[in-house]
Amino acid sequence: MLMKVVVVGCTHAGTAAVRELLTRHPETEVDVFERREDISFLSCGIALYLEGTVGRLEDMFYATPASLEALGAKVHVHLKHDVLSIDAADHRVVAEDLATGQQQHYQYDKLIMTTGSYPVIPPISGVSIPRVLMCKSYDDARKIKESAKDADKIAIVGGGYIGVELAEAYSRNHKQVILINGVSPLLSHYVDLPLSKEIASVLTKRGVELKTNTIARHFDSDAKHVFIQTDQGEIQADLAVVCVGFRPMTELLVGQVEMNPDGAIHVNDYMQTSNPDIYAAGDAVAVHFNPTGKDAYAPLATNAVRQGKMAGANIFGQNIKYMGTQATSALKLYDHSLAVTGLTLAHAKRNHLPAASVTMTDDFRPPFMPHTVKITMVLVYDTRDRRILGAQFYSEYDIANAANLISVMIQNRNTIDQLAYVDMLFNPNYDKPWHYLNLLGQLAVMQADNAKV
Ligand SMILES: Cc1cc2nc3c(=O)[nH]c(=O)nc-3n(C[C@H](O)[C@H](O)[C@H](O)COP(=O)(O)OP(=O)(O)OC[C@H]3O[C@@H](n4cnc5c(N)ncnc54)[C@H](O)[C@@H]3O)c2cc1C
């Protein structure tokens, strides 16, 4: 059957959906609407661009409208087109051409909603002044780079991974950096307190001035400065970048599909919304968070590309099932890497899970090797069934795949006992006869066994 598909929004989830649906069914008539002038921008590279590791922002696109249109005969990527409304009952959208102001109706058989997220603007007045910038899109990145040229003192508002990445980028560029974080500890979504404190001290040693327990309330500016009124007094800087999180951009479907209280669209395991002809993916939707077994909001490119690809396949009746997520993520911090997956202990307790954690620091390979480094590891588990719930790794060594492996184990509902003995290779270049993850599992087993007696 020939189908008409409309895709609303074309960054990671939208691009993945379009590629998948056209690879499987190139005959499909597809209208893709994107209000920006570009598609597929990798915001994940913004900090690398700001610090100078990546020279050209333009290299952070991995698809063009022409590359998507080449995948089929009836594909139209409408850039600078804003979808103003979706009428789910009539299977119709209205889009405005932002260049001409002209509005037009488009019919669809199936719609894929990949409108993503907004940067959260905290309840502070004055955030739309020129020296206060957000950090999400290609335009944001260009503005931040440009504005930072004549800024010596830069305030970053928000101590999540984007705030920390930006603080690092600017401190590397010898700017005076103030990192303003509210009441939660730095990176509190990702790590428990001891690691959070360690990372805070690394930033401080690199010259970043940390203002924790400080809530920004109001911004003001003159020609050269921004004045940030906080509950702890005024902070003056030359530029402020606000990055305090994201929220789903889903207004177009309010009242037409089921949503969670935070506005994230609820989808089934096949990316289908409560309206069978509307699929959704990426930052616009809630994810199934395996460690808790509940819906959660985890705006990550990893989720967006997977879900987008599934939506693109499943609108044709494929049944590719979403496995859920552990929200696995990583961050490079100067010469260290931080990689995390699943729940922190604090997060587990907030979810009323009876959880415990162990922390271990060990060399990743034998001391007889010319060089070895330590890894700090945290493993969180459920004390009832000893199921692994989460892990945190911090080291100069590349520990990204340690987090990936624990992610798979969480997904498979493996226990600390299985981690203690799971088969791992041994070669002195890479590890010791007992791999550090086995040792971490064994420590947890010992703690859990001791707690029983
Ligand atoms: C600085 C930064 C660093 C990040 N680093 C990482 C990382 O290291 N790893 C990771 O996994 N994730 C990272 N992320 C998160 C990741 O970028 C997002 O999860 C991802 O962009 C979500 O993709 P999406 O396609 O769902 O939504 P979005 O990227 O939000 O894209 C949605 C698109 O829809 C368009 N749109 C919305 N409404 C309409 C409408 N009505 N009409 C037309 N078009 C519309 C928007 O213009 C936009 O282009 C980072 C994000 C930022 C900002």
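Here the structure is a predicted model, which is why all the values come from computation and not from measurement.

S.K.: Even after reading the chapter, I still don't get the overall build of the protein, so can you show me in this structure?
M.R.: Summing up its helical and strand segments, the protein has 11 helices and 25 strands in all. If you line up the protein on its principal axes, its C-alpha atoms span 70 × 55 × 40 Å. Split by element, the accessible area of the protein, about 20,100 Å² in all, is 52% carbon and sulfur.

S.K.: What is the right way to read the packing of aromatic side chains from this model?
M.R.: Each aromatic ring pair is characterised by the separation of its centres together with the angle its planes make. The tally for this structure, following the rule as stated, stands at seven aromatic pairs. For the ring pair phenylalanine 41 and phenylalanine 61, a centre distance of 5.3 Å and an interplane angle of 50 degrees mean the geometry is tilted. Of this pair, phenylalanine 41 sits in the loop between strand S2 (29–34) and helix H2 (46–51) while phenylalanine 61 sits in the loop between H2 and helix H3 (65–69), placing them 20 residues apart in sequence. Members of the aromatic cluster, each reached through a chain of ring pairs, are Phe41, Phe61 and Tyr138. Stacked on the ring of tyrosine 49, the Lys or Arg lysine 145 has its end atom at 4.6 Å from the ring centre.

S.K.: In this structure, what is going on with the side chain of threonine 325? I would like to understand it.
M.R.: Among the structural elements, threonine 325 can be located in the loop between helix H7 (301–314) and strand S21 (329–333). Taking relative accessible area as the criterion, threonine 325 reaches 4% and is therefore assigned buried. In terms of polar contacts, threonine 325 uses its side chain to reach the backbone amide nitrogen of alanine 327, at 2.8 Å. Sequence-distant contacts of threonine 325, defined by excluding residues within four places in its chain, comprise Val287, His288, Phe289, Asn290, Pro291 and Asn303.

S.K.: When you look at the site of the ligand in this model, what are you seeing that I'm missing?
M.R.: Lining the immediate environment of the ligand, one finds 33 residues, of which Thr11, Ala13, Glu34, Lys136 and Asp283 sit closest. In the model, a nitrogen atom of the ligand is placed 3.2 Å from a nitrogen or oxygen of the arginine 35 main chain. Between the ligand and the protein, one listed contact pairs an oxygen atom with a backbone N or O atom of threonine 302 at 3.4 Å. Secondary-structure elements contributing two or more residues to the shell around the ligand are helix H1 (12–24), S2, strand S4 (81–87), helix H5 (161–172) and H7.

S.K.: Please explain H7 as it appears in this structure.
M.R.: Because each turn of an α-helix spans 3.6 residues, side chains separated by three or four positions in sequence point in the same direction. Over its 14 residues, H7 runs 20 Å from end to end, which matches the ideal 20 Å to within 8%, given 1.5 Å per residue. All buried positions along H7 are accounted for by Asn303, Ala304, Gln307, Gly308, Met310, Ala311, Gly312, Ala313 and Asn314. Turning to H7, the residues buried within the fold contact H1, strand S7 (110–113), strand S18 (278–280) and strand S19 (287–289).

S.K.: I tried to follow helix H11 (residues 436–452) on my own but got confused; where do I start?
M.R.: Compared with an ideal rise of 1.5 Å per residue, which puts 17 residues at 24 Å, H11 spans 25 Å between its outermost C-alpha atoms and is within 8% of the ideal. Turning to H11, its buried residues are Tyr436, Leu437, Asn438, Leu440, Gly441, Ala444, Val445 and Ala448. Taken together, the buried residues of H11 touch strand S23 (355–363), strand S24 (374–382), strand S25 (388–395), helix H9 (400–411) and helix H10 (416–421).

Reading guide: rules and limits
Every residue gets a number counted from 1 within its own chain, in the order that chain's sequence is written. This being a predicted model, a pLDDT of at least 70 is required before a residue's local features are given, and a value of 80 or more before pairs of side-chain atoms are given or counted; all residues contribute to the totals for chains, interfaces and linings. Only hydrogens and water are set aside when side-chain values are computed; all heavy atoms of the structure are taken into account. Going along the chain from the N terminus, every DSSP run of H or I of four or more residues is numbered as a helix, and every run of E of two or more is numbered as a strand. A 1.4 Å probe and the Shrake-Rupley method give the accessible areas. Residues count as covered only by the protein chains that appear here. Each pair of aromatic rings taken from Phe, Tyr and Trp, with Trp reduced to its six-membered ring, is defined by centres within 6.5 Å and is described as stacked if the planes are under 30 degrees apart, edge-to-face if over 60, and tilted in the remaining cases. Here, a charge over a ring means that NZ of Lys or CZ of Arg falls within 6 Å of the ring centre while also lying within 35 degrees of the ring normal. Per-residue accessibility, obtained with a 1.4 Å probe over protein chains only, is compared with the maximum for each type, and a residue is labelled buried under 20%, exposed over 50%, and partly exposed between these values. Each polar contact in these results corresponds to two N or O atoms within 3.5 Å; when the atoms are within protein, one needs to be able to donate a hydrogen and the other to accept it, and residues that are neighboring in sequence are counted only if both atoms are side-chain atoms. In this analysis, two residues are considered to be in contact whenever any of their non-hydrogen atoms come within 4.5 Å of each other. Whether a residue is near a molecule or strand depends on its heavy atoms: if one lies within 4 Å, it is near. A helix's residues, less one, multiplied by 1.5 Å, set its expected span.

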